[in-house]
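# Observations on the three-dimensional arrangement
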Amino acid sequence: MMEIELRNFNHSELANEETYCFQAHIYVNGKKRGTAKNDGHGGQTYIKPNKLRQEIEKYGESNPLADTSDRGYFAEMLIDDLVIDSIISQELERR
């Protein structure tokens, strides 16, 4: 099982246009494995290194709860869900 989390999460609300503008480190099972970012202009979320993105995709394929229509986009969707969780957490902390 992969425990995937974002750390060093930086979000720029002012730069959000069609997607969230952010950058973060990706940790898998407690170890830093890569980075994720989106420039906020409606494009995809980038996960580097590509090998990590492929590992997350493979994990999604083996996950019986994953939607089969998400094949090829599981990694980006998972990271985007974690981004939303991080933004909500930050907002709750501010309040």
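Below or above, wherever it landed, is the structure these notes cover. Note that the structure is a prediction, hence the values are computed from the model and not measured.

### Quick notes on the pairing of strand β3 (residues 31–39)
Looking along a regular strand, one sees side chains alternate from face to face of the sheet. Two strands pair when backbone bridges link them, and strand β2 (residues 21–28) and β3 are joined in this way by eight bridges, in the antiparallel orientation. Bridging across to β3, Phe 22 finds its partner in Asn 38. Between β2 and β3, which pair antiparallel one after the other, the connecting turn spans two residues, and Asn 29 there sits at a positive phi close to 50°. Bridge count between β3 and strand β4 (residues 46–48): three bridges; the pairing is antiparallel.

### Focus on the nonpolar core
Ranked by size, the top nonpolar core spans 18 residues in total, and within it Ile 4, Leu 6, Ile 26 and Ile 79 carry the most contacts. For this core, the secondary-structure elements that each account for two or more residues are β1 (4–11), β2, α1 (50–62) and α2 (74–94). With six residues, the single largest contributor to this core is α2. Beyond its immediate chain neighbours, meaning those up to four positions away, Ile 79 contacts Ile 4, Leu 6, Phe 22, Ile 26, Ala 36, Thr 45 and Ile 47.

### Considerations on the side chain of Arg 53
Along the chain, Arg 53 turns up in helix α1. Ignoring anything within four residues of it in the chain, the contact list for Arg 53 reads Ile 47, Ala 75 and Glu 76.

Rules of the game
- Residues numbered from 1 in each chain as written.
- Predicted model: local features only at pLDDT ≥ 70, side-chain atom pairs only at ≥ 80, totals over all residues.
- Heavy atoms only, no water.
- Pairing = 2+ DSSP bridges.
- Helix = DSSP H or I, 4+ residues; strand = E, 2+ residues; numbered from the N terminus.
- Core = buried A, V, L, I, M, F, W, Y, C linked by side-chain atoms within 4.5 Å.
- Buried < 20%, exposed > 50% of the residue type's maximum accessible area, 1.4 Å probe, protein only.
- Contact = heavy atoms within 4.5 Å.

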